[in-house]
Amino acid sequence: MKLKELERPAVQAWSPASHYPVYLATGTSAQQLDASFSTNGTLEIFEVDFRDPSLDLKHKGVLSASSRFYKLIWGSFGDGLSEGSGVIAGGGDDGMLTLYNVTHILSSGKEPVIAQRQKHTGAVRALDFNPFQGNLLASGASDSEIFIWDLNNLNVPMTPGSKSQQPPEDIKALAWNRQVQHILSSAHPSGKAVVWDLRKNEPVIKVSDRSNRMHSSSLAWHPDIATQLVLCSEDDRFPVIQLWDLRFASSPLKVLESHSRGILAVSWSQADAELLLSSAKDNQILCWNLGSNEVVYKLPIQSSWCFDVQWCPRDPPVFSAASFDGWISLYSVMGRSWEVQQMKQADKISSSFSKGQPLPPLHVPEQVAQASLIPPLKKPPKWMRRPAGVSFAFGGKLVTFGLPSTPAHQVPQPCLRLVFISQVITESEFLRRSTELREALGSGNLLNYCQNKIEQTPLQSEKMLWQFLKVTLEEDSRMKFLKLLGYSKDELQKKMAACLKSDLRLGESPQSKGDDLHSNRQQAFCSQTSKHITEEASASSSFFDELVPQNMAPWEIPITEDTDGLLSQALLLGELRPAVELCLKEERFADAIILAQAGGADLLKQTQECYWAKKKTRISSLLACVVQKNWEDMVCACSLQNWKEALALLLTYSGPEKFPELCDMLGTRMEQEGGRALTSEARLCYVCSGSVEQLVECWAKCHRASSPLALQDLMEKVMVLNKSLELLQGSDGVSSGPATTYRVTQYANLLAAQGSLATAMSYLPSVCTQPPVQQLRDRLFHAQGSGVLGEQCPPFPFPRVVVGPTPHSKETSSYRLGFRSSHQVPAPSPRPRIFTPQSSLVTPLIPSHPGPYQSSQTQTIRDYRAPELQAAQPLPLASGVRPALFESPLLRGQKAQVPNPMGFPETWPLPGAPPPMVPPDVIQPASTSLAETTRLFPSLPVRLPVTRDIYALSTDYCSSYEPHP
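Since we're looking at a predicted model, the values are computed, not measured. (Residues numbered from 1 in each chain as written. Predicted model: local features only at pLDDT ≥ 70, side-chain atom pairs only at ≥ 80, totals over all residues. Heavy atoms only, no water.)

Here we come to the overall build of the protein chain. Of regular secondary structure, the protein chain possesses 27 helices and 35 strands. Taking all 965 residues of the protein chain together, 44% fall into the buried category. Here the analysis covers contacts within the protein chain between residues at least 6 apart in sequence; of these, 55% occur between residues at least 24 apart. Element-wise, carbon and sulfur atoms account for 53% of the exposed surface of the protein chain, whose accessible area totals about 51500 Å². (Helix = DSSP H or I, 4+ residues; strand = E, 2+ residues; numbered from the N terminus. Buried < 20%, exposed > 50% of the residue type's maximum accessible area, 1.4 Å probe, protein only. Contact = heavy atoms within 4.5 Å. Areas by Shrake-Rupley, 256 points an atom, 1.4 Å probe, with all protein chains shown as cover.)

Turning next to the nonpolar core. Residues F468, M634 and L647 are the most contacted members of the largest nonpolar core, which totals 75 residues. Looking at this core element by element, the count peaks at nine residues for helix α22 (residues 708-729). If we ignore the near neighbours within four places in the chain, the residues touching M634 are C625, A646, L649 and L650. (Core = buried A, V, L, I, M, F, W, Y, C linked by side-chain atoms within 4.5 Å.)

Our next topic: helix α14 (residues 589-598). Burial within α14 is extensive, with seven of its ten residues counted as buried. Buried within α14 are the following residues: F589, A590, D591, A592, I593, L595 and A596. G600 lies just past α14 and shows a positive phi near 115°.

Following the criterion strictly, the structure yields 14 aromatic pairs and no others. With a centroid separation of 5.9 Å and 65° between ring planes, the pair formed by W311 and F319 is classed as edge-to-face. Put simply, the rings of W311, F319, Y331 and W383 touch in pairs and so form one group of aromatic residues. Lying across the ring of F659, R478 places its NZ or CZ 4.2 Å from the centre. The ring of F796 has R800 lying over it, and the distance from NZ or CZ to the ring centre is 4.5 Å. (Phe/Tyr/Trp six-rings, centres within 6.5 Å; stacked < 30°, edge-to-face > 60°. Lys NZ or Arg CZ within 6 Å of the ring centre and 35° of its normal.)

In sheet architecture, strand pairing relies on hydrogen bonds along the backbone and comes in two forms, parallel and antiparallel. In spatial order, the strands read β1-β28-β27-β26; together these four strands make up an open sheet with antiparallel pairing. Only two strands of the sheet have a single partner each, and these edge strands are β1 (2-7) and β26 (306-311). Here the average twist between neighbouring strands, direction ignored, is 15°. Relative to strand β28 (residues 327-332), β1 runs antiparallel, the two sharing five bridges. (Pairing = 2+ DSSP bridges. Axes fitted to C-alpha atoms, helices over the stretch in contact; angles between N-to-C directions.)

On to the side chain of Q242. Mapped onto the elements, Q242 comes out in strand β20 (residues 241-245). A polar side-chain atom of Q242 sits 2.9 Å from a polar atom in the side chain of W244. Discounting chain neighbours no more than four positions away, the residues touching Q242 are D209, M214, L229, V230, L231, P252, K254 and V255. (Polar contact = N/O pair within 3.5 Å; in protein donor to acceptor, adjacent residues only side chain to side chain.)

Right, let's get into α22. Given a rise of 1.5 Å per residue, 22 residues ought to cover 32 Å, and the 31 Å separating the end C-alpha atoms of α22 matches this to within 8%. Downstream of α22 by a residue or two, G730 has a phi angle that is positive, lying close to 90°. (Expected span 1.5 Å × (residues − 1).)

The buried count for strand β8 (residues 97-101) comes to five of five residues, which makes it a mostly enclosed element. Residues L97, L99 and N101 point to one face of β8 and T98 and Y100 to the other, with burial holding for every one of them. In this sheet, β8 lies alongside strand β7 (residues 87-92) in antiparallel orientation, the contact comprising five bridges. Paired with A89 across the strands is L99, a residue of β8. Linkage of β7 to β8, two consecutive antiparallel strands, is achieved through a turn of four residues, within which G95 is found at a positive phi near 85°. The pairing of β8 with strand β9 (residues 113-117) spans four bridges and is antiparallel. Note that in β9 the partner of L99 across the bridge is A115.

Before going further, it helps to examine the packing of helix α6 (residues 460-472) against helix α7 (residues 477-485). Running from N to C, α6 and α7 point in directions that differ by 165°, and their axes come no closer than 9 Å. With respect to their mutual orientation, α6 and α7 come out roughly antiparallel. The chirality of how α6 crosses α7 is right-handed. Note on element contacts: α7 touches α6 through S477, K480, F481, L484 and L485, opposite M464, Q467, F468, V471 and T472. Its residues assigned to classes, the contact of α6 with α7 comprises six nonpolar, three polar and one charged. (Parallel < 35°, antiparallel > 145°, perpendicular 65-115°, else oblique. Left-handed = near helix turned anticlockwise from the far one by under 90°. Nonpolar A, V, L, I, M, F, W, Y, C, P; charged D, E, K, R; others polar.)

Here we come to the environment of S391. Topologically, S391 is positioned in strand β29 (residues 388-393). For S391, a relative accessible area of 41% gives the class partly exposed. For the pair formed by S391 and I421, sequence separation is 30 residues and the distance between their alpha carbons is 9.8 Å.

Evaluation of the coordinates by the stated rule reveals 26 salt bridges. Of the charged contacts in the structure, one is a salt bridge between R261 and D236, with a shortest N-O distance of 3.3 Å. Taken as a pair, R261 in the loop between β21 (254-256) and β22 (263-268) and D236 in the loop between β19 (228-233) and β20 lie far apart in primary sequence, 25 residues in all. Given a relative accessible area of 32%, D236 falls into the partly exposed group. Note that K281 is salt-bridged to D236, the shortest N-O span being 3.7 Å. Residue K281 is located in the loop between β23 (275-280) and β24 (285-289), and its partner D236 is located in the loop between β19 and β20; the two are separated by 45 residues in the primary sequence. Here K281 falls in the buried class, since its relative accessible area comes to 15%. Counted as one network, the salt bridges with shared partners bring together R433, K453, D713 and E716. (Salt bridge = Lys/Arg side-chain N within 4 Å of Asp/Glu carboxyl O.)

A few words on the confidence of the model for the protein chain. Taken over all residues, the pLDDT of the protein chain has a mean of 74, while the share at 70 or more is 69%. Confidence over residues 367-372 falls short of pLDDT 50; this stretch has six contacts with residues more than four positions distant or in other chains. Scored below 50 in pLDDT, residues 504-537 shows 26 contacts in the model against residues more than four places distant or in partner chains. (pLDDT = per-residue confidence, 0-100.)

Before going further, it helps to examine the packing of helix α4 (residues 428-443) against helix α23 (residues 738-753). Where α4 meets α23, the closest approach of the two axes is 11 Å, and the angle between their N-to-C directions is 115°. Relative to α23, α4 is oriented so that their crossing is left-handed. Residues F430, L431, S434 and L437 of α4 touch α23, and the partners they reach there are Y747, L750 and L751. Partitioned by chemical class, the residues of the contact of α4 with α23 number six nonpolar, one polar and no charged.

Looking now at the pairing of strand β15 (residues 183-187). Counting buried positions over the five residues of β15 gives five, a clear majority of the element. Judged by which residues are buried, β15 turns out to be covered on both faces: I183, S185 and A187 on one side and L184 and S186 on the other are all buried. Of the pairings in the sheet, the one linking strand β14 (residues 173-176) to β15 comprises four bridges and is antiparallel in character. Opposite W176, over in β15, you have L184 as the bridge partner. Between β14 and β15, which pair antiparallel and follow one another directly, the connecting turn spans six residues. As judged from the five bridges shared by β15 and strand β16 (residues 192-197), these two strands associate in the antiparallel manner. Bridging from a neighbouring strand, S185 pairs with V195 of β16. What sits between the antiparallel neighbours β15 and β16 is a turn of four residues, in which G191 has the positive phi angle 100°.

For the rest of this paragraph, the subject is the environment of D93. Take D93: it is sitting in the loop between β7 and β8. Judged by relative accessible area, D93 falls into the partly exposed class, the value being 37%. Put simply, D93 and A141 are 48 residues apart on the chain and 9.6 Å apart in space, counted from C-alpha to C-alpha. Every residue in contact with D93, bar those within four places of it in the chain, is listed here: A30, S67, R68, Y70 and A123.

Here Y20 and P21 are connected by a cis peptide whose omega angle stands at 5°. Along the polypeptide, P21 turns up in the loop between β2 (10-14) and β3 (23-28). In this model, S144 sits at a positive phi of 60°, which is unusual for a non-glycine residue. You can see S144 is positioned in the loop between β11 (136-140) and β12 (146-150).

What follows is the structure, given as structure tokens:
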């Protein structure tokens, strides 16, 4: 595609690659005359702005020259100075060499001419700056004159060799070697090229065609290989380009012969060593691929000869061409049509001639439209290929590729790229703790594991939680829970005994007075109500023994009209309810409760309720709960500041059927009403009840954004609690809720991302029907390869969809769509199925290695690579390789048991034996079939390092590219 154009009969020179913006310098050509036949020379500088859609170049500077130019070149000498833009060297027709300061030309300030030297006797046709030392300039002219100029000292140029060493002839071109700074080559009309070693100051080798038909017009060195160069012939009888290697200088390596007339110029791309531009007298500009010896880009035939072509140093796809008809054009090899530019030009003309009314549409002849289309490069250029790439794979694998560190000329052909597969571990502490948990679960020694956690945890809340978790694994857990809450039966018995003995020493004798006897009996009743707490205490037994009166005197039954008399009469008549009511009225609560006990359960219950209604003490509600066993009301009504006491009551009195539910109710209330502090303490309630799901949900409220270590903390508690439930209920009685399953799946994903595939799979529930769990289990199973040969393959987690046409008739299809066709419609031609066992274009890369926490640390990765295949050709499958998508033979009613070396226990009819193992040093080009590739690339055992490369795969596709938008 043409980008810019400039009408100038001039030679050209691009600004160096380091210079921005991109400039193009032009000097009036000494080989051409314009319509005015003027012999004046002009040096101009233009800015190349590709953001401007027009074809014009922006004029930036102009300078009159004393002579016209045969050659113009722009060097980077002086770029390091302030506002430095380099130096332009021009070779004149009178042997004059002129150096210009680009900055002064652009600013039109100081004198732009740095120096002028007329050492040559003829026209200076060849110039080149040394790519390693910008101050060295080589110039060549007639009569075999070659000078090496030092821009720091232009007084005495150096001359390589002497003229007497060869017959005098013109210097058509000069070129410095792109790899070795002291090597210079020159091209001569006789067809030979002389290579000079400036350290020895003599020619090293002379290259010439034995047929003597070459008339060299230009030469260029290989950008990467120091010993290779190209020569082109301007003879119409022998229009060829020859590629030479100085190590084998008897004949050229390659000869390119697509031009029909003599070649005037060549230019080798510095961004892609495979691309070479050439222009010839047949009015053609061709771009060659030296790897395949074919023309990959071709411009339409020009109207005149193009005597110079040059790649743009900064923008790789752009090149310029100068022709004898007085035009300099800029093109791009990426290939596009000119329709956009033509349309803009047509619109511009239409706006000038329309006179306010639109012109009729322009119908371009078909042959003209076709001629404007320029095909793009047949092969993506090197500058558009990705030099490096990286991608994370499942299981914490990092896949990378990059350019080889070996120099390009030392890389064997065809070049095999390296793909590195590394195991990346970012959470080493997470993996260490996961390993400890896994070992503790496997050994069953969870008590020591919990004890270590108790000792290592600095937070008191976490320490208490681990103490509760440890108790769940022990016997008599309820009493131990009470001790952890601060309530010990032994300590209580000691306190009660001390209190009772103190009362006996300080009080009077029980036989002193009748009122004291009545009071002591009430105390005996209160002690009797708490007998279930102190029944084993010897001090309590002696207390009741001392209350029994010794040598009792005969007692009387009062029949007076006072309270005692009325009570006596009611008792004599058996009226227990009125007697109880009278006792309650007189606040003789002990007598009322004793009488109510004799009156039956209903009367006792009513009496107790009346007592609690009238007698409000600090423990009346507690007494009511203990007597009535109404634990739900206690859980809902007690103060949350006494959550420990509430939990202790549940542990002491609640039965095993209601205990988990009541603990969950208490924990839920603590979460909802107690704030963040009690939300954390609610976990103790869930540990006591064994509610794993509630524990996980409570953890989620405290950890909105979970880190790997926080999730590890949760999984440690969940696994210990699950193990305690398995000890009580069995493994079949423990099931995971949705919150627990989600966190376990998240934990398994983290383990898999760190490379612990086997450990991750062991945590997943085996009977869970949730799709994420099934998909992860299937992925983990197949990612491990032969590491899980002993396990059964999990069911396929995705619905199978048959891709392709179904074998139904037109009538059946129409009927299923809900209508019948009234006329015959031709059926569409069936399209081939994309994913079938015979034509699958997806070649799986199946790793086969044990888990990272098994006894073996050796990992093996097998690479089944396919070369570039055509869709029409069947893809042979080696034994053990599954297609990406396939229809199982079991669905078709077929069964075939085939040995499967890759660890996929599925029935897939794969003929042939497994690929034989061959030494790893057998490497072949990528043109082999897949079956040969699997034979040539066997599995290689490699040690698994941490964050280091573990394996390199030889492959060809890492040089893939992504074009710029």
